[in-house]
Amino acid sequence: MKPAVELKQITHAYVSDREASLAIEDINLTVYPGEFVSLIGPSGCGKTTLLSIIAGLLQPSKGTVTVNGHAVEGTSPEVGYMLQQDYLFPWLSIQKNALLGLELTGGLNEASAVLIEELLKEMDLAGYGSFYPQQLSGGMRQRVALVRTLAADPSLLLLDEPFSALDYQTKLKLENLIVKTLKERRKTAVLVTHDLSEAIAMSDRVVLLNRNPGRIHYVFDVTEPVRSTEPFLARKEPGFNELFHSIWHEMEKISGKE
Ligand SMILES: Nc1ncnc2c1ncn2[C@@H]1O[C@H](COP(=O)(O)OP(=O)(O)OP(=O)(O)O)[C@@H](O)[C@H]1O
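Residues numbered from 1 in each chain as written. Predicted model: local features only at pLDDT ≥ 70, side-chain atom pairs only at ≥ 80, totals over all residues. Heavy atoms only, no water.

A closer look at the sheet that holds strand S9 (residues 205-210)
Consideration 1: Taken together, six strands build an open sheet; the order of strands is S6-S7-S8-S3-S9-S10 and the sheet is mixed. Edge strands, defined here as strands with exactly one partner in the open sheet, are strand S6 (79-83) and strand S10 (215-221). Ignoring strand direction, the axes of neighbouring strands in this sheet form an average angle of 20°.
Consideration 2: Pairing between strand S7 (residues 156-160) and strand S8 (residues 188-192): five bridges, direction parallel. Across the sheet, the residue bridging to Leu156 is Thr188, located in S8. (Pairing = 2+ DSSP bridges. Helix = DSSP H or I, 4+ residues; strand = E, 2+ residues; numbered from the N terminus. Axes fitted to C-alpha atoms, helices over the stretch in contact; angles between N-to-C directions.)

Brief notes about the packing of aromatic side chains
Consideration 1: A full pass over the atoms with the stated rule returns five aromatic pairs.
Consideration 2: Relative to Trp91, the ring of Phe89 lies with its centre 5.0 Å away and its plane at 35°, an arrangement referred to as tilted.
Consideration 3: According to the relative accessible area criterion, Phe89 is partly exposed, its value standing at 33%.
Consideration 4: With relative accessibility at 60%, the residue Trp91 sits in the exposed group.
Consideration 5: Centre to centre, the rings of Phe244 and Trp248 are 6.0 Å apart; their planes meet at 10°, and the pair counts as stacked. One end of the pair, Phe244, and the other, Trp248, are both in helix H8 (residues 238-256), four residues apart, so they sit about a helical turn from each other. (Phe/Tyr/Trp six-rings, centres within 6.5 Å; stacked < 30°, edge-to-face > 60°. Buried < 20%, exposed > 50% of the residue type's maximum accessible area, 1.4 Å probe, protein only.)

Points about the site of the ligand
Consideration 1: Near the ligand the following residues occur: Tyr14, Ala23, Pro42, Ser43, Gly44, Cys45, Gly46, Lys47, Thr48, Thr49 and His194.
Consideration 2: For the ligand, an oxygen atom lies 2.8 Å from a polar atom in the side chain of Lys47.
Consideration 3: In the environment of the ligand, an oxygen atom lies 2.8 Å from a nitrogen or oxygen atom belonging to the side chain of His194.
Consideration 4: When the free accessible area of the ligand is taken as 630 Å², the share hidden by the protein chains comes to 56%.
Consideration 5: Ranked by the residues each element gives to the shell around the ligand, the list is headed by helix H1 (residues 47-55), at three residues.
Consideration 6: Tallied by class, the residues present in the shell around the ligand amount to four nonpolar, six polar and one charged. (Near = heavy atom within 4 Å. Polar contact = N/O pair within 3.5 Å; in protein donor to acceptor, adjacent residues only side chain to side chain. Areas by Shrake-Rupley, 256 points an atom, 1.4 Å probe, with all protein chains shown as cover. Nonpolar A, V, L, I, M, F, W, Y, C, P; charged D, E, K, R; others polar.)

Structural data, given as structure tokens:
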């Protein structure tokens with residue numbers, strides 16, 4: 001199977017006038033089509049740096065990155081990026097905000113309005129197309145951001161802490177909705193999160209990074225039945241707690257080394 005993402009010996013140093021600081025070093029990771037992989041680790045371990053490299057927003061100092069077998073050379077419509085902030089424009093209606101992704105990737109056509117309507121419905125936002133972002137809650141706005149990302153039909157979604165600005169209940173509901181939607185559409189996803197239970201509940205694999213510089217410490221497989229249970233219910237599985245404690249133990253080791 002052709003990998004959805006392949007990172008080979010990725011090293012990145014941020015260079016300023018005075019110095020170069022090594023953010024990540026020798027990262028090797030393969031993500032397969034349809035997989036959901038989370039990146040976790042202490043602040044500053046390079047999670048966002050890695051995501052920016054996969055997105056083609058940042059060129060690594062060393063190493064190669066491919067998405068669906070093509071070398072990454074800048075941004076591509078194959079890759080969707082969702083962030084903590086929804087970045088909706090307050091002066092545009094929900095429908096126009098949702099169409100923006102298609103407009104920017106040149107995919108706008110006569111079927112686009114219908115597609116947006118369908119996606120809004122799927123995200124429980126039917127009838128909100130003519131509303132404006134300030135009339136919606138944070139969770140609803142984040143769902144609009146997801147509609148905008150999905151409308152361009154990327155095969156890979158990069159999610160950088162997309163739930164961290166939301167209240168706990170909204171976040172749990174959105175986790176379920178995202179996993180269900182991405183599974184149905186057979187999308188591949190890479191999630192950056194600080195929330196270990198979120199990482200386990202949503203993922204097929206959890207990648208723990210250490211820092212100074214960021215390297216892969218360990219890759220944990222999420223085993224059945226946790227893996228195929230919806231995120232909210234997965235937290236009740238005995239295997240969930242076992243994995244939580246194993247990863248927590250490794251996280252303690254990393255912080256003990258600092
Ligand atoms: N534009 C930049 N210029 C210089 N250094 C940077 C830049 N962006 C990130 N860094 C440094 O690179 C390292 C990795 O940062 P990055 O933001 O990727 O980590 P992170 O794991 O996403 O952090 P957090 O969990 O706090 O969001 C950190 O030491 C950070 O200070």
